[in-house]
Amino acid sequence: MTAETMFEKIWNRHRVLEREDGQTLLYVDRHLVHDGSAPAFEMLRDRGLKPRAPERIFATPDHYVPTDTRDVAAIENDEYRGMVESLEQNAAEGGFALFGLKDGRQGIVHVVGPEAGLTQPGMLLVCGDSHTSTHGALGALAFGIGMTEVAHVLGSQTLWQRKPKTLRITVDGALAPGVTAKDVILHIIASIGAAGATGYVIEYAGSAIRGLSMEGRLTLCNMSIEAGGRAGMVAPDETTFAYLQGREYAPKGADWDRAVERWRALASDADAVFDRDVVLDGNAIAPMVTWGNSPEDALPVDAMLPDPEAAPDPARRAAMQAAFAYMGLTPGAALTSLGVDRVFIGSCTNGRIEDMRAAAAIARGRRVAEGVTAWVVPGSAPVKRQAEAEGLDQIFLAAGFEWREAGCSMCLGTNGEIGTPGQRIAATSNRNFRGRQGPGVRTHLMSPAMAAAAAVAGHITDIRGLEG
Amino acid sequence: MDAFSTLTSNAVPFARDNIDTDQILPARYLARPRNDNHGEYLFRDLRQAADFPLNRPEWQAARIVLGGRNFACGSSRENAVWALYDHGVRAVIAPSYGDIFATNSVKNGLLPVVLPEAVVQSLIAATEADPNAQITVDLPSQTVTGPDGAVHHFEIDPFNKRCLLEALDELAFTLTHAEDIAAFERRIGRENF
Ligand code: SF4
């Protein structure tokens, strides 16, 4: 038998049929749905169809939900309320599970899936959202799709795909204190570029990756799309099994034992060949911060800003000049000289319990700097409950942070939670695009501890100078 | 959606690399229904700058877009395709795309043409020199003919080509395989992992 990668094993197991032109019809095990999916249900209705396999569909509202109330009727904006209500209606009509706003399991769809045990190794999982790559952290093949494809999956439980190429990114070594999964992925994107993995499914490997917790792996895989990757995956191991065991939708009893046995066989064969290999040194990674409007514009926090004039490639120079103008930057200035107006800790990248703990460790006994507004938005209702059980909310509140309800919130601001033009925001989310957090808003991406440090210092700060 | 076969038009250049779908369609318009004219929201924020290409009268009706590397990366929002389509754009020519955008495009009658960077650069230069310079995109022969008459071949997935040429309803097509899907489901049972 020829050696196979983990991706190939999962792909092969999900082939319904293959066309001569190279298109494969793949079967979808899990379909996650959020409150931005209304157009897909409209397309289905137009054809007189109903969801084919409602037992494989799980929904939760996240993009349009407020983070100061759990009452749908209290959402003042008609458009936002309409999106949340239409998800409720589509779930009722389609007969699939909904973790609604008052359900104790609600949250950002990419936090909820793994947390509820819905995401499992070996699955093919899709969602109408680009950060579906997150779920690959458990050894699933998971990728984001557009609305027409969502309608296609609803109606047929399948998807046409052309087989992507495989890219293995190996990070060996021990991460230095203060360096997290967020820094690893920002370092990877800075190294290979925002289109560095376009056309590929990434498998992350190496001792630095295996050493990450499940939460860390979820952060890592989440931003695979920011490198252009179709999906990102980590082979399931003891960390994965320990994380999954006992979760609501995880197999139980004898089923669990059989599942773990199957999951162990998923890892890429030792002599499997990847289309491309990238090797990076984990020992050399520093806490990272982005300065520009692409996640590839990331530097170690103690670096100086580059000089756009010095960029040899004219296209790159022009792009850098545009980013400097938008972001209000001075060439050669220290990253740590940049003052922040707001801080956002949350999102499907860094809204998990470990992220809350890391931020709280910095916030404990300190105060948010004068003039800075700092929000902590848990990624899900269970994360919020767990954090409160550990007293983290009290630490944040005592330090002057706001402690909010679960949702996407300021990552994208589709619920209206955005900054004002010119504000500089330290954010733990995944995109520093122009206007992502509101027109004219300047976003710097970093880890939760770094964002908390920026909140208390009032400017971008090297976490390595602070005792947790 | 209209079928795509061949198109001759001038082109509007958005030359910067990594133009993301948040730029093409800002998030605050994501809750609008599909039958809303999404052309209104196309590059809504970037358009505030007077010198943005879309504001040039000659380029307002261009049906071809010339893009930089990694055009339309980022968010999976199909609304970005709808914005281009409703504005009248039927083809984009760029060195590379965000994966999900390219997939969304062919399902909505928008052709994403991939050409080498040097060729795209030359088309952008020709368009900047003469905003009315005509470019022809021909899907059956998989060619782009530049204003100088030079013909450039492009590759496209055969299934995607067919979807565009026939304005194929992919879901209806897939459901002709309903028996294969049912057989697969019987074989795997409840779980498949
Ligand atoms: S948290 Fe941000 S990136 Fe994640 S699903 Fe929500 S809007 Fe998208």
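The structure displayed is predicted, hence computed values, not measured ones.

Conventions we followed
- Residues numbered from 1 in each chain as written.
- Chains lettered and ligands numbered in written order.
- Predicted model: local features only at pLDDT ≥ 70, side-chain atom pairs only at ≥ 80, totals over all residues.
- Heavy atoms only, no water.
- Helix = DSSP H or I, 4+ residues; strand = E, 2+ residues; numbered from the N terminus.
- Rg over C-alpha atoms; globule rule 2.2 N^0.38 Å.
- Buried < 20%, exposed > 50% of the residue type's maximum accessible area, 1.4 Å probe, protein only.
- Domains from an automatic or database assignment.
- Contact = heavy atoms within 4.5 Å.
- Buried area = accessible area lost by both parts, 1.4 Å probe.
- Salt bridge = Lys/Arg side-chain N within 4 Å of Asp/Glu carboxyl O.
- Nonpolar A, V, L, I, M, F, W, Y, C, P; charged D, E, K, R; others polar.
- Core = buried A, V, L, I, M, F, W, Y, C linked by side-chain atoms within 4.5 Å.
- Polar contact = N/O pair within 3.5 Å; in protein donor to acceptor, adjacent residues only side chain to side chain.
- Axes fitted to C-alpha atoms, helices over the stretch in contact; angles between N-to-C directions.
- Parallel < 35°, antiparallel > 145°, perpendicular 65-115°, else oblique.
- Left-handed = near helix turned anticlockwise from the far one by under 90°.
- Phe/Tyr/Trp six-rings, centres within 6.5 Å; stacked < 30°, edge-to-face > 60°.
- Lys NZ or Arg CZ within 6 Å of the ring centre and 35° of its normal.
- Arc of directions from axis to C-beta.

**Q** Please clarify how the overall build of chain B should be interpreted in this entry.
**A** In terms of helices and strands, chain B carries seven helices and eight strands. Taken over C-alpha atoms, the radius of gyration comes to 18 Å for chain B, in line with the 16 Å a tight globule of 193 residues would show. C-alpha extents for chain B along the principal axes are approximately 60 × 40 × 30 Å. Taking all 193 residues of chain B together, 59% fall into the buried category.

**Q** Hey, could you run me through the domain arrangement of chain A in this one?
**A** It is common to give the size of an interface as the accessible area that goes away when the parts come together. Residue and element names in this part refer to chain A. Considered domain by domain, chain A is made up of domain 1 (22–162 + 240–260), domain 2 (165–236 + 268–284) and domain 3 (294–465). For domain 1 and domain 3, the distance between their C-alpha centres works out to 28 Å. Contacts between domain 1 and domain 3 engage 23 residues on the former and 24 residues on the latter. Of the roughly 1900 Å² buried where domain 1 meets domain 3, counting both sides, 56% is carbon and sulfur surface. Run the count over domain 1 and domain 3 and you get one salt bridge. Note that Glu405 and Arg70 form a salt bridge whose closest N and O atoms lie 3.8 Å from each other. Element by element, the count of residues in the side of domain 1 that touches domain 3 is highest for helix 4 (residues 109–115), at four residues. Classifying every residue of the side of domain 1 that touches domain 3 gives seven nonpolar, ten polar and six charged.

**Q** Sorry if this is basic, but what is going on with the nonpolar core here?
**A** In globular proteins that are soluble, nonpolar side chains generally tend to be buried together. All names here are of chain A. The biggest cluster of nonpolar side chains holds 75 residues, and the ones touching the most others in it are Leu141, Ile169, Val171, Ile188, Tyr204 and Leu220. With seven residues, helix 6 (residues 181–192) is the single largest residue contributor to this core. Each of domain 1 (22–162 + 240–260) and domain 2 (165–236 + 268–284) accounts for three or more of the residues forming this core. Other than its neighbours up to four places away in sequence, Ile169 contacts Ile188, Ile192, Ile202, Glu203, Tyr204, Ala205, Val278 and Leu280.

**Q** Teacher, can you tell me more about the interface of chain A and chain B here?
**A** Taken together, the contacts link 64 residues of chain A with 51 residues of chain B. In total, about 4600 Å² of surface goes out of reach between chain A and chain B, with carbon and sulfur atoms giving 56% of it. The largest share of the area that chain A buries against chain B comes from Arg52, Trp160 and Arg434 of chain A, three residues that together contribute 11% of it. The tally of links between chain A and chain B comes to six salt bridges. Glu79 of chain A is the salt-bridge partner of Arg32 of chain B, the closest N and O atoms lying 2.5 Å from each other. The interface formed by chain A and chain B holds 16 residue pairs in polar contact (both at pLDDT 80 or more) in total. Mapped by element, the contributors of at least two residues to the side of chain A that touches chain B are strand 1 (15–18), strand 2 (23–27), helix 2 (38–46), helix 3 (78–94), helix 5 (147–156), strand 8 (158–162), helix 10 (253–264) and helix 11 (314–327) of chain A. Ranked by residues supplied to the side of chain A that touches chain B, first place goes to helix 5 of chain A with seven residues. In the side of chain A that touches chain B, the residues fall into 25 nonpolar, 19 polar and 20 charged.

**Q** Got a minute to help me understand the packing of helix 13 (residues 353–363) of chain A against helix 14 (residues 381–389) of chain A in this structure?
**A** Describing two packed helices takes the angle between their axes plus the distance from one axis to the other. Residues and elements named next belong to chain A. It is at 9 Å that the axes of helix 13 and helix 14 come closest, and there the two elements cross at 40°. Taken together, the axis directions place helix 13 and helix 14 in an arrangement best described as oblique. Two packed elements cross with a definite hand, and for helix 13 against helix 14 that hand is right-handed. The segment helix 13 lies against helix 14, with Ile353, Met356 and Arg357 engaging Val383, Gln386 and Ala387. Grouping the amino acids of the contact of helix 13 with helix 14 by side-chain chemistry returns four nonpolar, one polar and one charged.

**Q** Can you help me understand the packing of aromatic side chains in this one?
**A** If you walk through the whole model with that rule in mind, you get 21 aromatic pairs over all chains. A centroid spacing of 5.8 Å and a plane angle of 20° characterise the contact between Phe41 of chain A and Phe96 of chain A, whose relative ring orientation is stacked. One end of the pair, Phe41 of chain A, is in helix 2; the other, Phe96 of chain A, is in the loop between helix 3 and strand 5 (97–98), with 55 residues separating them in the sequence. In this structure, Phe41 of chain A and Phe96 of chain A share a single accessibility class: buried. Each residue in the set Phe58, Phe99 and Tyr249 of chain A is aromatic and connected to the rest through ring pairs, giving one cluster. Taking the ring centre of Tyr243 of chain A as reference, the NZ or CZ of Arg247 of chain A above it sits at 3.9 Å. A cation over a ring is seen here: Arg90 of chain B above Tyr85 of chain B, with NZ or CZ 3.6 Å from the ring centre.

**Q** It is not clear to me how helix 7 (residues 178–188) of chain B should be interpreted in this structure. Could you clarify?
**A** In an α-helix, one turn spans 3.6 residues, which is why side chains three or four residues apart end up on the same side. Among all positions in helix 7 of chain B, only Ile181, Ala182, Phe184 and Ile188 of chain B are buried. End-on, the buried residues of helix 7 of chain B take up no more than an arc of 160°, which puts them together on one face. The exposed residues of helix 7 of chain B that point more than 90 degrees off its buried face are Glu179, Arg186 and Arg187 of chain B. Contact partners of the buried residues in helix 7 of chain B: helix 1 (6–13), strand 1, strand 2, helix 5 and strand 8 of chain A together with helix 6 (170–175) of chain B.

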